[in-house]
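Take a look at the letters that make up each chain.
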Amino acid sequence: MATSFMVKVVTPDKVVLEQEADFLLLRTTGGDIGILGNHFPLVAELADGQMKIRKDKREKFFRVEGGFVEISNNQVTILSKRAYPQESQI
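Just so we're clear, the structure is a prediction, and the values are computed from it rather than from any experiment.

1. Points about the overall build of the chain
In step 1: Within the chain one finds 0 helices and 10 strands.
In step 2: From first element to last, N terminus to C terminus, the chain shows the α and β order β-β-β-β-β-β-β-β-β-β.
In step 3: In summary, the chain has a C-alpha radius of gyration of 12 Å against a globular reference of 12 Å for 90 residues, a match within 12%.
In step 4: Judged by the C-alpha coordinates and their principal axes, the chain covers about 35 × 30 × 25 Å.
In step 5: For the chain, buried positions account for 39% of its 90 residues.
In step 6: Here the analysis covers contacts within the chain between residues at least 6 apart in sequence; of these, 44% occur between residues at least 24 apart.
In step 7: Of the accessible surface of the chain, which amounts to about 5500 Å², a share of 49% is contributed by carbon and sulfur atoms.
In step 8: Looking at the chain, you have 12 positive and 12 negative side-chain charges, and the mean spots of the two groups are 4 Å apart.

Structure (structure tokens):
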């Protein structure tokens, strides 16, 4: 059983997403990173790109336009200029 963690996506206007996840895929300026539960602490700059979040074999996709990600204590916080849901993977 995978260890879940909390994901929160925040823009200047609102909280776009707040939910548990089993896996998260993000695009940083250094390349794509996959995040699982108990990930080591990290702060990274985000590049424009797609985010994939998986919980219980169900996937959601979001477009994230820049910003930063902080990973600490099984909490992933994404601060972005703009983020919104997408129908599917591009």
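Moving on from the model shown.
2. Some thoughts on the nonpolar core
In step 1: In this structure, Val7, Leu24, Leu26, Met51, Val76 and Ile78 are the most contacted members of the largest nonpolar core, which totals 21 residues.
In step 2: Setting aside residues up to four positions removed in sequence, Met51 forms contacts with Val9, Leu17, Leu24, Leu25, Leu26, Lys60, Phe61, Phe62, Val64 and Ile78.

3. Here's the deal with the environment of Met6
In step 1: With respect to the element layout, Met6 can be found in strand S1 (residues 5-10).
In step 2: The spatial distance from the C-alpha of Met6 to the C-alpha of Asp22 is 9.0 Å, given a sequence separation of 16 residues.
In step 3: Excluding its chain neighbours within four sequence positions, the residues that come into contact with Met6 are Glu18, Gln19, Glu20, Asn74, Gln75 and Val76.

4. A look at the side chain of Ser80
In step 1: Relative to the assigned elements, Ser80 resides in the loop between strand S9 (75-79) and strand S10 (82-86).
In step 2: Reaching out from Ser80, the side chain makes a polar contact with the backbone oxygen of Arg82 at a distance of 2.9 Å.
In step 3: Beyond its immediate stretch of four places on either side in the chain, Ser80 contacts Val10, Thr11, Pro12, Val64, Glu65, Gly66 and Gly67.

The rules behind these values
Residues numbered from 1 in each chain as written. Predicted model: local features only at pLDDT ≥ 70, side-chain atom pairs only at ≥ 80, totals over all residues. Heavy atoms only, no water. Helix = DSSP H or I, 4+ residues; strand = E, 2+ residues; numbered from the N terminus. Rg over C-alpha atoms; globule rule 2.2 N^0.38 Å. Buried < 20%, exposed > 50% of the residue type's maximum accessible area, 1.4 Å probe, protein only. Contact = heavy atoms within 4.5 Å. Areas by Shrake-Rupley, 256 points an atom, 1.4 Å probe, with all protein chains shown as cover. Lys, Arg positive; Asp, Glu negative; His and termini not counted. Charge placed at Lys NZ, Arg CZ, Asp CG, Glu CD. Core = buried A, V, L, I, M, F, W, Y, C linked by side-chain atoms within 4.5 Å. Polar contact = N/O pair within 3.5 Å; in protein donor to acceptor, adjacent residues only side chain to side chain.

Geometry only, nothing functional implied.
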